[in-house]
Amino acid sequence: MFEILFLGTSASAPSAKRGLSAQIITHNEYRFLIDCGEGTQRQILQAGVGFRHLTRILLTHGHLDHILGLGGLVSTFMRWEAIDQLEIFGGRGTLDRVRALIDDVVLRGNQTPMPLYFREIKPGIFFDAEDFTITAFPVTHRGPDCLGYIFEGKERRPFLSEKADGLGVPFGPERRDLVAGKAITLSNGKRVTPDDVLGPVEKGIKLVVVGDVGRTDNLLEFCKDADALVIESTYLEEEAEMAHQFSHLTAKQGAELAVQANVKKLILTHISRRYRGRDVLKEAQSIHPNAVVARDFDVYQIKRNE
Ligand SMILES: [Zn+2]
Ligand SMILES: [Zn+2]
């Protein structure tokens, strides 16, 4: 399961109700902050989730409404050692700007108390954990090196405990071995193989996160069959011309992408102050019935069969 907490859902400038772009994605003990608009650290505190384990930041692109909060966050971490290290991932152009913000404005020759790493990433898998991966893919927006991210659980075969019970497999290391693909021999001499107790292969959960973007045709392959897609929705169709001009999407465009890519749940964010959330929702739901518009502090759990 992946859990996504929206910390900021506004486009370009904050509104009274919406902060600037930031989301936390959690999977087991892993936490990733995606983008860090101005005010993000206050949103983290208000959400009550704290800074612990918040050691990895993934950036979609280098526009100020997505990165300015990094200055404040790093400044806080310097005075208050909440974390062991900080890794900031992004495309080259994004990191150039972030490095200027942190090195020239925040640090000015000082060192952070914790190691700080800038991890330049290119499209492809860049994070490979025990049971999930994160893949970056190119996104078309104003400026270079904009990235989207796919969080995807690895394929697995479920353990069928009723079958194991029936075969008399005891609880403990024997079951662990079977899950790990090793055959075992029971105390009565009977051999049990993984195929006896494991179900058919199940695909992992797929969550796709796209930041600001002005084109959807080249995103189809990356969004294919996702359990959930988070994507910007800065404009409504009545201002499609303006959306195109500034390389953003309308709610309709995001919803059409989700339908074409067979996405189960569509979560729209990066909402402009010029619209009401319900109008954005109406436009999206007229095309993709399982669309929602995220609000600050909303939490979505992305799991199987939803
Ligand atoms: Zn933006
Ligand atoms: Zn942008």
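Predicted model, so just to flag it, every value in this text is computed and none were measured. (Residues numbered from 1 in each chain as written. Chains lettered and ligands numbered in written order. Predicted model: local features only at pLDDT ≥ 70, side-chain atom pairs only at ≥ 80, totals over all residues. Heavy atoms only, no water.)

Quick word on the pairing of strand S5 (residues 86–90)
Thought 1: Of all five residues making up S5, five are buried, and the element is well covered by its neighbours.
Thought 2: Of the two faces of S5, the one holding Leu86, Ile88 and Gly90 and the one holding Glu87 and Phe89 are both buried throughout.
Thought 3: Sheet topology note: the S5/strand S6 (residues 116–120) ladder contains five bridges and is parallel. Within S6, the position partnered with Gly90 by the bridge is Glu120.
Thought 4: With helix H4 (residues 92–107) bridging S5 and the parallel S6, this β-α-β connection has right-handed handedness. (Buried < 20%, exposed > 50% of the residue type's maximum accessible area, 1.4 Å probe, protein only. Helix = DSSP H or I, 4+ residues; strand = E, 2+ residues; numbered from the N terminus. Pairing = 2+ DSSP bridges. Right-handed = clockwise from strand over helix to strand, strands pointing away.)

As for the coordination of the zinc ion (ligand 2)
Thought 1: In this structure, His61 (NE2), His63 (ND1), His141 (NE2) and Asp212 (OD) serve as the protein donors to the zinc ion (ligand 2), at separations of 2.1 to 2.3 Å.
Thought 2: Each of the four donor atoms bound to the zinc ion (ligand 2) contributes to angles spanning 87 to 167 degrees, and the resulting shape is irregular.
Thought 3: Separating the zinc ion (ligand 2) from the zinc ion (ligand 1) is a gap of 3.6 Å, bridged by Asp212, which donates to each. Linking His141 in the loop between strand S8 (132–138) and strand S9 (147–153) with Asp212 in the loop between strand S12 (206–209) and helix H8 (220–223), this pair joins segments that are 71 residues apart in sequence. Each member of the pair, His141 as well as Asp212, is classed as buried. (Donors = N, O, S within 2.8 Å, 3.2 Å for Na, K, Ca; no water. Tetrahedral: all angles 85-135°; square planar, octahedral: opposite > 155°, others 65-115°.)

Considerations on the sheet that holds strand S4 (residues 56–58)
Thought 1: Overall, mixed pairing links the seven strands, which are arranged S6-S5-S4-S3-S2-S1-S16 in an open sheet. In this open sheet, the two strands that pair with only one neighbour each are S6 and strand S16 (299–302). Taken pair by pair, the neighbouring strands of this sheet meet at an average axis angle of 20 degrees, ignoring direction.
Thought 2: As paired strands, strand S1 (residues 2–8) and S16 are joined by four bridges and run antiparallel to one another. Counted as the bridge partner of Glu3 is Gln301 from S16.
Thought 3: Running at roughly 125 degrees to S1, helix H1 (residues 40–47) makes contact with S1, strand S2 (22–27) and strand S3 (30–34) of the sheet.
Thought 4: The strands touched by helix H3 (residues 69–79) within the sheet are S3, S4 and S5, with S5 carrying the most contacts at an inclination of about 165 degrees. (Axes fitted to C-alpha atoms, helices over the stretch in contact; angles between N-to-C directions. Contact = heavy atoms within 4.5 Å.)

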